[in-house]
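Each chain, written out:
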Amino acid sequence: MDEDCDVPERNCDDCGRQFEGDVRMAPVLFNGTWRRLAHSRELLCGECLMARAKALELNITLADLRPCEFNADWFEEFADKAPREIVMVWLKWARLVDENYRLWQKEMGLAPTVPAWASART
Ligand SMILES: [Zn+2]
């Protein structure tokens, strides 16, 4: 899986809160969108990211989210506001990413995991 999707043991670089409970890590964005909001090495919670986006009058949509398993947490929230075409394209991409991941797991002799969201919304 993409290294950007790993969950590091750090707190939000902005508000300093730990990632637990309601404090979720910000969705993984495409680099272009992320750089407009944060430094590439910065780690933010969802609230801080959204606050910055709002301050810059930047509307983050599903199209800005990278299709990876990590973003499955955010998918429902963004999918509700996204046009259906974008939702379909995102899911298609996410499934490809997921398929590659499962192939990798198989090759590594790991037990396959199928995230629940990958089979939803078909
Ligand atoms: Zn924060």
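What you see is a predicted model; the values in this text were computed from it and never measured.

Describing the nonpolar core
Line of reasoning, step 1. One finds Leu44, Cys45, Cys48 and Leu49 to be the most contacted residues of the largest nonpolar core, which totals 15 residues.
Line of reasoning, step 2. At the level of secondary structure, the elements contributing two or more residues to this core comprise helix 1 (31-37), helix 2 (46-55) and helix 4 (84-107).
Line of reasoning, step 3. For this core, the element with the highest residue contribution is helix 4, accounting for 3 residues.
Line of reasoning, step 4. In contact with Leu49, not counting residues within four places along its chain, are Ala26, Leu37 and Leu44.

Quick notes on helix 4
Line of reasoning, step 1. With 24 residues, helix 4 should reach 34 Å at 1.5 Å per residue; the first-to-last C-alpha distance of 35 Å fits that figure.
Line of reasoning, step 2. Looking at helix 4, one finds that the buried residues are Trp90, Leu91, Ala94, Asp98 and Tyr101.
Line of reasoning, step 3. Directly beyond the C-terminal end of helix 4, a positive phi value near 75 degrees is found at Gly109.

Description of unusual backbone geometry
Across residues other than glycine, the phi torsion is negative in most instances, and most of the peptide bonds are trans.
Line of reasoning, step 1. The phi angle at Glu57 is positive, at roughly 55 degrees, despite the residue not being glycine.
Line of reasoning, step 2. By secondary structure assignment, the location of Glu57 is in the loop between helix 2 and helix 3 (72-79).
Line of reasoning, step 3. Taking the number of C-beta atoms within 10 Å as the measure of exposure, Glu57 has 6 and is therefore exposed.

Thresholds applied
Residues numbered from 1 in each chain as written. Predicted model: local features only at pLDDT ≥ 70, side-chain atom pairs only at ≥ 80, totals over all residues. Core = buried A, V, L, I, M, F, W, Y, C linked by C-beta atoms within 7 Å. Buried ≥ 20, exposed ≤ 12 C-beta atoms within 10 Å, placed from the backbone. Helix = DSSP H or I, 4+ residues; strand = E, 2+ residues; numbered from the N terminus. Contact = placed C-beta atoms within 7 Å. Expected span 1.5 Å × (residues − 1).

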